[in-house]
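Here is how the chains run, residue by residue.
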Amino acid sequence: MSKRCLKHLLIFLRKVYKSAQKDATVWRKPSDEFSGYLYKAEGVVEDVTNRIVDHIRPGPYRLDWDSLMTTMDIMETFEENCCVMRYTTAGQLWNIIAPREFVDFSYTTSYEDGLLTCGISLDYGEVRPNFVRGFNHPCGWFCVPLKDYPSHSLLTGYIQTELRGMLPQSAVDTAMSSTLANFYSDLKKALKT
């Protein structure tokens, strides 16, 4: 793909991202874990904390609504809220970013007044053919009820995904920002059903 074509694609995707921003705000700063960025996403979701986290953590709901996730397998379960999962994601930016595979340790627990679901990638098993193995540095989603509106929750995510492979940083930044903003709008749609 030519540099000019990539430039126009990134301009288009930034416009799409800005339209999705009504559901969430996304920030970034250099990560202390690797040479990429720590992304913070935050938005208010109209639902109770437990139901929101049930849709985010590994389990039966996630594949039904998360448009980026294509497969999810629980590889090992240690206790009710603790597992190793393998999942794949769709290609992004017209497959400039090829499909990725991740193997993560995931743990969900009560935290202060809400819930925390967190994870980190593991070196585990062979990479599936036609995928690039990505790596999630320590990350998590905090979900707490709003004090004045208990039927609404504040959902905050801290994501440090190393996509790996030969990718321009501008493509990674655009993909991460738009993916996180779309995550909120897709989640809100799923919770309304």
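None of the values given here were measured: they were computed from a predicted structure.

Parameters at a glance
- Residues numbered from 1 in each chain as written.
- Predicted model: local features only at pLDDT ≥ 70, side-chain atom pairs only at ≥ 80, totals over all residues.
- Heavy atoms only, no water.
- Pairing = 2+ DSSP bridges.
- Helix = DSSP H or I, 4+ residues; strand = E, 2+ residues; numbered from the N terminus.
- Polar contact = N/O pair within 3.5 Å; in protein donor to acceptor, adjacent residues only side chain to side chain.
- Contact = heavy atoms within 4.5 Å.
- Axes fitted to C-alpha atoms, helices over the stretch in contact; angles between N-to-C directions.
- Left-handed = near helix turned anticlockwise from the far one by under 90°.
- Nonpolar A, V, L, I, M, F, W, Y, C, P; charged D, E, K, R; others polar.

### Brief notes about the pairing of strand 3 (residues 69–79)
Bridging between strand 3 and strand 4 (residues 82–89) involves eight bridges; their strand directions are antiparallel. What sits directly across from Met-69, in strand 4, is Thr-89. Connecting strand 3 to the next strand, strand 4, in antiparallel fashion are two residues.

### Remarks on the pairing of strand 5 (residues 100–111)
Across eight bridges, the pairing between strand 4 and strand 5 is antiparallel. Residue pairing for strand 5: Cys-83 is matched across the bridge by Ser-106. The pairing of strand 5 with strand 7 (residues 132–133) spans two bridges and is parallel. Note that in strand 7 the partner of Arg-100 across the bridge is Val-132. Both strand 5 and strand 6 (residues 114–121) contribute to a ladder of eight bridges, which runs antiparallel. Within the sheet, the bridge partner assigned to Asp-104 lies in strand 6 and is Ser-121.

### What to know about the side chain of Thr-88
As for its position among the elements, Thr-88 is in strand 4. A polar side-chain atom of Thr-88 sits 2.6 Å from a polar atom in the side chain of Thr-71. Residues within four places of Thr-88 in sequence aside, it is in contact with Leu-68, Met-69, Thr-70, Thr-71, Arg-100, Glu-101, Arg-128 and Phe-131.

### Thoughts on the packing of helix 2 (residues 49–56) against helix 4 (residues 169–191)
Between helix 2 and helix 4, the shortest axis-to-axis distance is 11 Å and the interhelical angle comes to 115°. Read as a crossing pair, helix 2 and helix 4 show a hand that is right-handed. Within the contact between the two elements, helix 2 uses Arg-51, Ile-52, His-55 and Ile-56 and helix 4 uses Phe-183, Leu-187, Ala-190 and Leu-191. Of the residues belonging to the contact of helix 2 with helix 4, the class tally is six nonpolar, one polar and one charged.

In short, the description is geometric, and any link to function would need to be established separately.
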